Amino acid sequence: MDFIRSSSCSISGNLIQNCADKAIALFTLTGVTVENNTLMDCKWGLWNDDATSLAIRDMNQDGIELSNAASSSIIGNSIHNCGDPAISLFDSADVTFEDNTLVNSKWGMWGINANSLAI
């Protein structure tokens with residue numbers, strides 16, 4: 001079960017831990033900000049499908065997965081000890097990466113059909 005499953009909201013200032021599935025799941029969203037969250041010991045940290053214009057900042061621990069995302073940014077994250085990639089991109093375009101710290105994960109960043117990346 002996901003901890004936060006959202007169809008519209010900003011998500012800010014949460015401590016989310018011990019999730020068997022995704023800590024935060026976003027579906028078909030525009031202009032959502034996810035910031036200042038601490039995610040620990042979850043199967044996945046943040047998962048998104050068909051979301052656009054995301055600003056993801058200051059999250060700790062588990063990884064981020066973007067699927068079919070466009071015009072998104074992944075900024076200022078500290079991602080540690082992921083069993084899979086710290087950041088995964090599937091069919092995503094125009095994604096910006098800035099000031100991320102990726103430590104001790106199986107892979108840093110991994111993608112399929114991702115283009116227009118600014119790293």
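Everything quoted here is computed from the prediction, not taken from an experiment.

**Considerations on the overall build of the protein**
Alright, step 1. A count of helical and extended segments in the protein gives zero helices and 17 strands.
Alright, step 2. For a compact globule of 119 residues, the expected C-alpha radius of gyration is about 14 Å, and the protein comes in at 12 Å, within 12% of that figure.
Alright, step 3. Dimensions of the protein, computed from the C-alpha atoms along their principal axes, are close to 35 × 30 × 20 Å.
Alright, step 4. By residue count, 41% of the 119 residues in the protein fall in the buried class.
Alright, step 5. Taking the intrachain contacts of the protein between residues at least 6 apart in sequence as the baseline, contacts between residues at least 24 apart amount to 14%.

**Describing the sheet that holds strand β2 (residues 11-12)**
Alright, step 1. Spatially, β2-β5-β8-β11-β14-β17 is the arrangement adopted by the six strands of the open sheet, whose pairing is parallel. Only two strands of the sheet have a single partner each, and these edge strands are β2 and β17 (115-118).
Alright, step 2. With five bridges connecting them, strand β11 (residues 70-75) and strand β14 (residues 93-98) associate as parallel partners. Across the sheet, I74 pairs through a bridge with F97, a residue of β14.

**Describing the environment of A25**
Alright, step 1. Note on placement: A25 falls in strand β4 (residues 22-27).
Alright, step 2. Note: C-alpha distance between A25 and W47 (22 residues apart in sequence) is 4.8 Å.

Conventions adopted
Within every chain, residues take consecutive numbers counted from 1 along the sequence as written. Local features in this predicted model are restricted to residues whose pLDDT is 70 or higher, and side-chain atom pairs enter the listing and the counts only when it is 80 or higher, whereas totals over whole chains, interfaces and linings include all residues. To get the side-chain values, take all heavy atoms of the structure and skip hydrogens and water. Runs of H or I in DSSP of at least four residues are treated as helices and runs of E of at least two as strands, each being numbered from the N terminus. We take the radius of gyration over the C-alpha atoms and set the globule estimate at 2.2 Å times the residue count to the 0.38 power. Relative accessible area decides the class of each residue, using a 1.4 Å probe on protein chains only: under 20% of the type maximum gives buried, over 50% gives exposed, and in between gives partly exposed. The contact rule is simple, with two residues in contact once any of their heavy atoms fall within 4.5 Å. Only strands joined by at least two bridges in the DSSP assignment are considered to pair.

Read these as spatial facts, not as claims about activity.
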